[in-house]
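Coordinate analysis (summary)
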Amino acid sequence: MTARRVLVVNSGSSSLKYAVVEPDSATMVADGTIERIGEGQVPDHDAALRVVFDELADDMAGVVAVGHRVVHGGPHLHAPALIDDALIDTLEDLSPLAPLHNPPAVLGIEVARKALPDLPHVAVFDTAFFHDLPPAAATYAIDREVAERWDIRRYGFHGTSHQYVSEQAAEFLGVPLQSLSQIVLHLGNGASASAIVGGRPIDTSMGLTPMEGLVMGTRSGDIDPGVLTYLVRTAGMSVEDVEEMLNRRSGVRGLGGEIDFRVLHQRIDAGDEAARLAYDVYIHRLRKYIGAYLALLGSVDVITFTAGVGENDSAVRRDAVSGMTTLGIELDEHLNASPGRAARRISAQDSPTTVLVIPTNEELAIARACVQFVEN
Ligand code: ADP
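What counts, and at which threshold
Residue indices begin from 1 for each chain and proceed along its sequence in written order. With the structure being a predicted model, the display of local features is reserved for residues of pLDDT at least 70 and the display and counting of side-chain atom pairs for 80 or more, all residues being used for whole-chain, interface and lining totals. Side-chain measures here rest on the full set of heavy atoms in the structure, leaving out hydrogens and waters. UniProt positions are given in the numbering used here, feature names are shortened, and annotations may be inferred rather than shown by experiment. Here a strand is any run of E in DSSP of at least two residues, a helix any run of H or I of at least four, and the numbering for each starts at the N terminus. Two residues qualify as a contact provided that any one of their heavy atoms is within 4.5 Å of a heavy atom in the partner residue. We define a polar contact as two N or O atoms separated by no more than 3.5 Å, with the added condition that, inside protein, one atom must be a possible hydrogen donor and the other a possible acceptor, whereas residues neighbouring each other in sequence contribute only through side-chain atom pairs. Patches draw on residues past 30% relative accessible area with no salt bridge. Two like charges within 9 Å are joined, as are two nonpolar side chains (Val, Leu, Ile, Met, Phe, Trp, Tyr) within 5 Å. For the area figures, the Shrake-Rupley method with a 1.4 Å probe applies, and any residue is considered shielded solely by the protein chains shown. Salt bridge, as used here: a side-chain nitrogen of Lys or Arg that lies within 4 Å of a carboxyl oxygen of Asp or Glu. When charges are tallied, Lys and Arg are placed among the positive residues and Asp and Glu among the negative ones, while His and the ends of the chain are skipped. Just so you know, the charge point we use is NZ for Lys, CZ for Arg, CG for Asp and CD for Glu. Angular values range over 0 to 180 degrees, each being the angle between N-to-C directions of two axes fitted as lines to C-alpha atoms, with helices fitted over their stretch in contact. Note on terminology: angles under 35 degrees are roughly parallel, angles over 145 are roughly antiparallel, angles of 65 to 115 are roughly perpendicular, and the others are oblique. A crossing counts as left-handed when the near helix is turned anticlockwise from the far one by less than a right angle, and as right-handed when that turn is clockwise. Note on residue categories: nonpolar means Ala, Val, Leu, Ile, Met, Phe, Trp, Tyr, Cys or Pro, charged means Asp, Glu, Lys or Arg, and polar means any other residue, Gly included. Pairing between strands requires that DSSP locate at least two bridges from one strand to the other.

Per an unreviewed UniProt entry, the protein goes by Acetate kinase and derives from Mycobacterium deserti. Checking UniProt for the protein, the heading Sequence similarities (unreviewed entry) contains the comment "Belongs to the acetokinase family." The UniProt entry for the protein carries the following text under Pathway (unreviewed entry): "Metabolic intermediate biosynthesis; acetyl-CoA biosynthesis; acetyl-CoA from acetate: step 1/2."

Right under this line is the structure:
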């Protein structure tokens, strides 16, 4: 008998990521990304999915459910949810909250449902883990009626990753999740930090949208809201111009002209001042968040780096926590500099705070959530 499998779909505006996962054995059977949807060979999401099925072929045997990553669950959706017409309507209603992310997810859901009508399709929300943030962390200090009328709060994103990685950290250390105070640093193209006590988040850096917080590949992260009003009122930029700039022409690429940290380091080594500044701004912000979360938590048992930059870039990890020995954080330089693919400790033996690198696996987490949901 084939082990049961889940097809995981992450549909963006111009790309469609997919994976076939066996949740019980934590095996990635196949995965890939269809890029540049809308150009030439792959005119739309329907065509993209056909390419996926061509590539998967026999790997689809044993698939019992389709899990869809949905970025924004809004104020009410947080647990995994069976996708039916009513849920799609709800997701469409949420589109104004996540105009860049939810519409392409709905598109992906619709074509996948048409192609696989007999399988349950389950939505797993990137905001779910942070749904119950304490009110002091979730609330923006703005006019209360406006906030309530427009569902403005800190939602947080990358929740599947923060939850998975914090659980893996407890498993790696062999201690109960309930006993740990943690900081998780998810540093990919998007980047976010969270503070977690006993498995429950008490704060996270992303907000109403995935634009707040850390400096990212192309997003600014925290910015004085006065900049936005200034640009619209005085610089003559439209709301769309501002949004496009903050999402696509800011962050490390906006400052240093490059999104990939491997190239950024090469440019810094070659004396590129813009690349240097981009890196410095990135690290500065990261250290501010670590400091803020240390203060919120009082003491931290474990800090975990994850995602593309966090898992691979030892310089970022070193610079994020250097000089924090008096705060209880000390890396082992050799361990930090040793490349690896598996979960590993990189802190010094006597560092009161353990520092880990743990590969995230959102596809596996979504597949597990799906199977659990389908069986209950
Ligand atoms: P996404 O947020 O799109 O899922 P990832 O988590 O895969 O992104 O992170 C991608 C980023 O990780 C790349 O843009 C690059 O900056 C960084 N990265 C990947 N591999 C390395 C590496 N070996 N060294 C440094 N940075 C890396």
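The next point concerns the environment of serine 11. Structurally, the position occupied by serine 11 is in strand E1 (residues 5-11). Spatially, the C-alpha atom of serine 11 lies 33 Å from that of isoleucine 142, the residues being 131 residues apart in sequence. The residues contacting serine 11, other than those within four sequence positions of it, are Leu16, His45, Pro104, Ala105 and Gly108. Side-chain polar atoms of serine 11 contact the backbone oxygen of proline 104, separated by 2.8 Å.

Below, the discussion takes up a negative patch on the surface. Among the surface-exposed residues, Asp84, Asp89, Glu92, Asp93 and Glu110 lie close enough to one another that they form a single negatively charged patch. With three residues, helix H2 (residues 85-93) is the single largest residue contributor to the negative patch. Tracing the backbone shows glutamate 110 in helix H3 (residues 102-115).

This next bit is on a nonpolar patch on the surface. On the surface, Ile142, Val146 and Trp150 cluster together into a nonpolar patch covering about 300 Å² of accessible area. Residue placement: isoleucine 142 occurs in the loop between helix H4 (135-138) and helix H5 (144-149).

Running from N to C, helix H1 (residues 45-56) and H3 point in directions that differ by 55°, and their axes come no closer than 9 Å. Taken together, the axes of H1 and H3 are oblique relative to one another. Classified by chirality, the crossing of H3 by H1 is right-handed. Between H1 and H3, the residues in contact are His45, Asp46, Leu49 and Phe53 and Pro104, Leu107, Gly108, Val111, Ala112, Lys114 and Ala115, respectively. Looking at side-chain class alone, the contact of H1 with H3 contains seven nonpolar, two polar and two charged residues.

Right, let's get into the sheet that holds strand E12 (residues 354-357). Overall, mixed pairing links the six strands, which are arranged E9-E8-E7-E10-E12-E11 in an open sheet. A strand with exactly one partner marks an edge of an open sheet, and here the two such strands are strand E9 (200-204) and strand E11 (344-345). By the bridge criterion, seven bridges tie strand E7 (residues 181-187) to strand E8 (residues 191-197) in an arrangement that is antiparallel. Within the sheet, the bridge partner assigned to isoleucine 183 lies in E8 and is alanine 195.

Here the UniProt-annotated "binding site: Mg(2+)" (unreviewed entry) positions come out as Asn10 and Glu362. The largest pairwise C-alpha distance within this set of annotated residues, which runs over 353 residues, is 10.2 Å, so the set is compact in three dimensions. Residues in contact with asparagine 10, not counting those within four places in the same chain, are Ser15, Leu16, Lys17 and Arg69. Assignment of secondary structure puts glutamate 362 in helix H15 (residues 362-375). Discounting chain neighbours no more than four positions away, the residues touching glutamate 362 are Arg69, Asp126, Thr160, Ser161 and His186.

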